[in-house]
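Secondary and tertiary structure notes
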Number of protein chains: 2
Amino acid sequence: MKSTIRDVAKLANVSISTVSRVMNAPETVIEEKRVKVLEAIEALQYQPNAFARGLIYKKSDTLGVMIPDIENPYFAGLIRGMQDAAVELNHSLMICNTDRDKQRTITYVQNFFEKQVDGIVFASDALHTEYYEEMQRYRLPFVLASTNAPEFDIPSVDIDDEQGAYEAVKYLIESGHRRIGMIGFPLGETISGLPRYDGFRRALREYGLNTFETCVEYAEHRYEHAYDAAALLLTRCPGLTAIFAASDEFAMGTISYLRDIGKSVPEHLSVIGFDNIRMAQLFIPKLTTIEQPTYDIGYRSVQKLHELITTGEVSVLREKLPHQLIVRESTRPY
Amino acid sequence: MKSTIRDVAKLANVSISTVSRVMNAPETVIEEKRVKVLEAIEALQYQPNAFARGLIYKKSDTLGVMIPDIENPYFAGLIRGMQDAAVELNHSLMICNTDRDKQRTITYVQNFFEKQVDGIVFASDALHTEYYEEMQRYRLPFVLASTNAPEFDIPSVDIDDEQGAYEAVKYLIESGHRRIGMIGFPLGETISGLPRYDGFRRALREYGLNTFETCVEYAEHRYEHAYDAAALLLTRCPGLTAIFAASDEFAMGTISYLRDIGKSVPEHLSVIGFDNIRMAQLFIPKLTTIEQPTYDIGYRSVQKLHELITTGEVSVLREKLPHQLIVRESTRPY
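Under the annotation held in an unreviewed UniProt entry, chain A carries the name LacI family transcriptional regulator and is attributed to Paenibacillus prosopidis.

Below, the structure written as structure tokens:
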């Protein structure tokens, strides 16, 4: 049988209104009682149903957003989409930058709970079990944006990264390139790492270019690292005519390196990026890339969170939005 | 005589603890009483002193940050600095994107108050009187980052924009350029607009180049607008050999335009930017620019806010941090 707020109050040895306050205005409840109530909620796996939730929790019309790296231009479009959706819903957004730091991420979940956000959009980072548990502990509705969690049933909005990478490399191959390398994210990155490498490999294999599977170097998230990775890649695989960079920032770092060794893009090598950040069309040469619908991902993720908060469920659990190849100047037929 | 919490309670016809709750956990007080208390606070110009404030207000160890445009890469460095300072102080940051929208900005101030942030960093937008009054109404300590408010005594951290622009243009002149134009922000922008134009004009006048004072076109905040403004500028002032762009993004838009009409930078024209955003050294050509210490501005602004919150005052009201000229590839002697 499902437990009720009455059961929680009994187990924690507090009044029902104290339980309500812990969920509603936790900072008005002394630490000791608050912990007791949270422990009781956990022990009983108490989960107010959607309707009761609305009655018990005060709606703050504020949504929390957790992003891993405010300096990465990828997030600008994502946040823009989130904000437009929030404005339409008459909600406010509070954004926190986690730096992919586990302790900070967990602190921010607690923070959001205490600030009574109605829910959280968790963007672009792997959903570690600790994060999942922390969200569950506070019964905070949340959705994933530009990431997903195959092991948990959490609503998510993102793209098919493997397919996007496959199409980028296929485009290079169909343009006549046969010697293709990759600058990728570390394979441990569950979203941008392994899937994009898998797409690269699938395209190579499909065209019998298996020998280039090992022509890949990994970079952390910044162009400086891609610059260094490009140097390693071209030392190890000197005959490449095209490079698939797993992000536009990587493509820019790669092109900067090539230029510094006197090679022009696309005259000497073609380079294709991924994401279509705003800079992609500003850069010289303008980047050929796989466009992620970042604005739409942000927009849909806030809508989905709102759906989850107001109805207690979502109609589509894992939503994949379409990506597309955008051909500009950084690639040419070989 | 300074009014006390007792006076506020009396005037609002509520208990002292209600006044305290309005300041401490406003969402637990019904709207009607809350408004009465806020009105009484305003009528009596009640301001808890720093010590009393600590006693009355619960510290949340959370700071609010208001920025005008999350898509502008200028803010990445600023937020990075704020975050590092906040982490050192064991504080959390909540960031809101105002889009320079007055109503949204005011809503966020109310929001931050209700979420009980300890204070606010207000970044890079003009401090309109309405904002100032809203902050005063809620007695929220706040500091200005990368902006300032000559008409109010509000702590601020920024640079000397007029002097920075002056040095940029002086550098072009001393490199032999005599026909210099500018892509600027609208003059109504109190920080990046008029002061940077004033610096441009001062340098021109100092070298007797007054005739080029009118070779200026204005752009909104994006490179697309700078691209269009560059087209206008070169139509109106076709003989220019150098352009001072009031932001790096403007410099990139200008260079993109020049390239599209077949002019290379710096071979045909020199272009100097402003800010030194991360992209400035990634762009091809790498930008010559005036570096703003964005990280330090962010870092110092949070330290200053903390100083204000904990002591009730700041040792330096208007703090100017040093800028510097960074010579890269987008300029050359004429």
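1. Focus on the overall build of chain A
Secondary structure assignment for chain A yields 12 helices and 12 strands. Dimensions of chain A, computed from C-alpha atoms along their principal axes, come out at roughly 75 × 35 × 30 Å. For chain A, the residues scored as buried account for 60% of the 334 residues in total. Summarising the internal contacts of chain A: among those between residues at least 6 apart in sequence, 72% fall at separations of at least 24. Carbon and sulfur atoms form 50% of the exposed surface of chain A, whose accessible area is close to 13,100 Å².

2. Details of the sheet that holds strand β10 (residues 288-291) of chain B
Residues and elements named next belong to chain B. If you walk across this open sheet you meet the six strands as β7-β6-β8-β9-β10-β12, and the pairing is mixed. Where the open sheet ends on each side, the last strands, each with one partner, are β7 (216-218) and β12 (324-326). With strand direction ignored, the average angle separating the axes of adjacent strands in the sheet is 20°. Across the sheet, helix α9 (residues 194-206) is in contact with β6 (180-184), β7, β8 (242-245) and β9 (270-275); its angle to β6 comes to roughly 175°.

3. Describing the side chain of T241 of chain B
Residues and elements named next belong to chain B. Mapped onto the secondary structure, T241 falls in the loop between α10 (223-236) and β8. For T241, a relative accessible area of 5% gives the class buried. Leaving out residues up to four positions away in the same chain, T241 has contacts with H177, R178, R179, H268, L269, S270 and Y334.

4. With respect to the sheet that holds strand β10 (residues 288-291) of chain A
Residues and elements named next belong to chain A. On the basis of which strands lie adjacent, the open sheet formed by six strands has the order β7-β6-β8-β9-β10-β12 and mixed pairing. Looking at strand neighbours, the two that pair on one side only are β7 (216-218) and β12 (324-326), the edges of this open sheet. Strand-to-strand, the axes of this sheet are offset by a mean angle of 20°, without reference to chain direction. Bridge analysis of strand β9 (residues 270-275) against β10 gives four bridges, and the strand direction is parallel. Bridge pairing in β10 links G273 to T289. The sheet strands contacting helix α10 (residues 223-236) are β6 (180-184), β7 and β8 (242-245), and the helix crosses β7 at an angle near 155°.

5. So, the relation of the copies chain A and chain B
Superposing chain A onto chain B takes a rotation of 180° plus a shift of 0.1 Å along the axis, which leaves an RMSD of 0.1 Å. The transformation just described matches what one would write down for a two-fold rotation axis. Mapped onto chain B, 100% of the interface residues of chain A again fall at the interface, so both copies present the same surface.

6. Considering the pattern of salt bridges
Going through the model one piece at a time under the given rule, you end up with 45 salt bridges over all chains. In this structure, the salt-bridge partner of R205 of chain B is E213 of chain B, at a minimum N-O distance of 2.6 Å. Overall, the relative accessible area of 45% leaves R205 of chain B in the partly exposed class. Through salt bridges with shared partners, one network takes in R80 and D84 of chain A together with D69, E71, D99, R104 and R222 of chain B.

7. Some points on the pairing of β10 of chain A
Of the strand pairs in this sheet, β10 of chain A and β12 of chain A are connected by three bridges, and their pairing is antiparallel. Opposite E291 of chain A, over in β12 of chain A, you have Q324 of chain A as the bridge partner.

8. Brief notes about the state of the cysteines
All names here are of chain A. Counting across every chain of the model gives two disulfides over all chains. Residue pairing for C215: its cysteine sulfur links by disulfide to C237, the two sulfurs lying 2.2 Å apart. The chirality of the disulfide connecting C215 with C237 is left-handed, given an S-S dihedral of about -100°. Of the two residues, C215 sits in the loop between α9 (194-206) and β7 while C237 sits in the loop between α10 and β8, which places them 22 residues apart along the sequence. On the accessibility criterion, C237 (9% relative accessible area) is buried.

9. Section: the packing of helix α5 (residues 74-88) of chain A against helix α12 (residues 294-311) of chain A
The description of two helices packed together rests on the angle between their axes and the distance between the axes. Residue and element names in this part refer to chain A. Orientation of α5 relative to α12, taken along the N-to-C sense of each, is 40°, at an axis distance of 7 Å. By the angle between their axes, α5 is oblique relative to α12. Seen from above, α5 lies across α12 with right-handed handedness. On α12, the residues touching Y74, G77, L78, R80, G81, M82, D84, A85, A86 and E88 of α5 are T294, Y295, I297, G298, Y299, S301, V302 and Q303.

10. Looking at the interface of chain A and chain B
Contacts between the two partners involve 48 residues from chain A and, on the opposite side, 48 residues from chain B. When chain A packs against chain B, close to 4,300 Å² is buried across both sides, 53% of that on carbon and sulfur atoms. It is K115, R278 and I284 of chain A in chain A that bury the most area against chain B; as a group they hold 17% of the surface buried on that side. Note that E249 of chain B is salt-bridged to R278 of chain A, the shortest N-O span being 2.7 Å. The interface formed by chain A and chain B holds 21 residue pairs in polar contact (both at pLDDT 80 or more) in total. It is helix α11 (residues 248-260) of chain A that contributes the most residues to the side of chain A that touches chain B, seven residues altogether. Residues of the side of chain A that touches chain B, tallied by class, amount to 20 nonpolar, 12 polar and 16 charged.

11. What about the packing of aromatic side chains?
According to the stated counting rule, one finds 18 aromatic pairs over all chains in the structure shown. Between Y197 of chain A and F200 of chain A the ring centres are 5.8 Å apart and the planes differ by 45°, which places this aromatic pair in the tilted class. Note that Y197 of chain A and F200 of chain A are positioned in helix α9 at a spacing of three residues, about one turn of the helix. Assigned by exposure class, Y197 of chain A and F200 of chain A land together as buried. Above the ring of Y166 of chain B, the side-chain terminus of R202 of chain B is found at 3.8 Å from the ring centroid.

12. Quick notes on the environment of A242 of chain A
All names here are of chain A. Topologically, A242 is positioned in strand β8. Note: C-alpha distance between A242 and L269 (27 residues apart in sequence) is 5.2 Å. With residues near it in sequence (within four places) discarded, A242 still touches L172, H177, R179, I180, G181, L269 and S270.

13. Things to note about the pairing of β9 of chain B
Residues and elements named next belong to chain B. Burial within β9 is extensive, with six of its six residues counted as buried. Note that β8 and β9 share three bridges and pair parallel. By the bridge assignment for β9, A242 is matched with S270. For the crossover from β8 across helix α11 (residues 248-260) to β9, the handedness is right-handed.

Rules and cut-offs
Residues numbered from 1 in each chain as written. Chains lettered and ligands numbered in written order. Predicted model: local features only at pLDDT ≥ 70, side-chain atom pairs only at ≥ 80, totals over all residues. Heavy atoms only, no water. Helix = DSSP H or I, 4+ residues; strand = E, 2+ residues; numbered from the N terminus. Buried < 20%, exposed > 50% of the residue type's maximum accessible area, 1.4 Å probe, protein only. Contact = heavy atoms within 4.5 Å. Areas by Shrake-Rupley, 256 points an atom, 1.4 Å probe, with all protein chains shown as cover. Pairing = 2+ DSSP bridges. Axes fitted to C-alpha atoms, helices over the stretch in contact; angles between N-to-C directions. Least-squares fit on C-alpha atoms with pLDDT ≥ 70 in both. Salt bridge = Lys/Arg side-chain N within 4 Å of Asp/Glu carboxyl O. Disulfide = S-S within 2.5 Å. Parallel < 35°, antiparallel > 145°, perpendicular 65-115°, else oblique. Left-handed = near helix turned anticlockwise from the far one by under 90°. Buried area = accessible area lost by both parts, 1.4 Å probe. Polar contact = N/O pair within 3.5 Å; in protein donor to acceptor, adjacent residues only side chain to side chain. Nonpolar A, V, L, I, M, F, W, Y, C, P; charged D, E, K, R; others polar. Phe/Tyr/Trp six-rings, centres within 6.5 Å; stacked < 30°, edge-to-face > 60°. Lys NZ or Arg CZ within 6 Å of the ring centre and 35° of its normal. Right-handed = clockwise from strand over helix to strand, strands pointing away.

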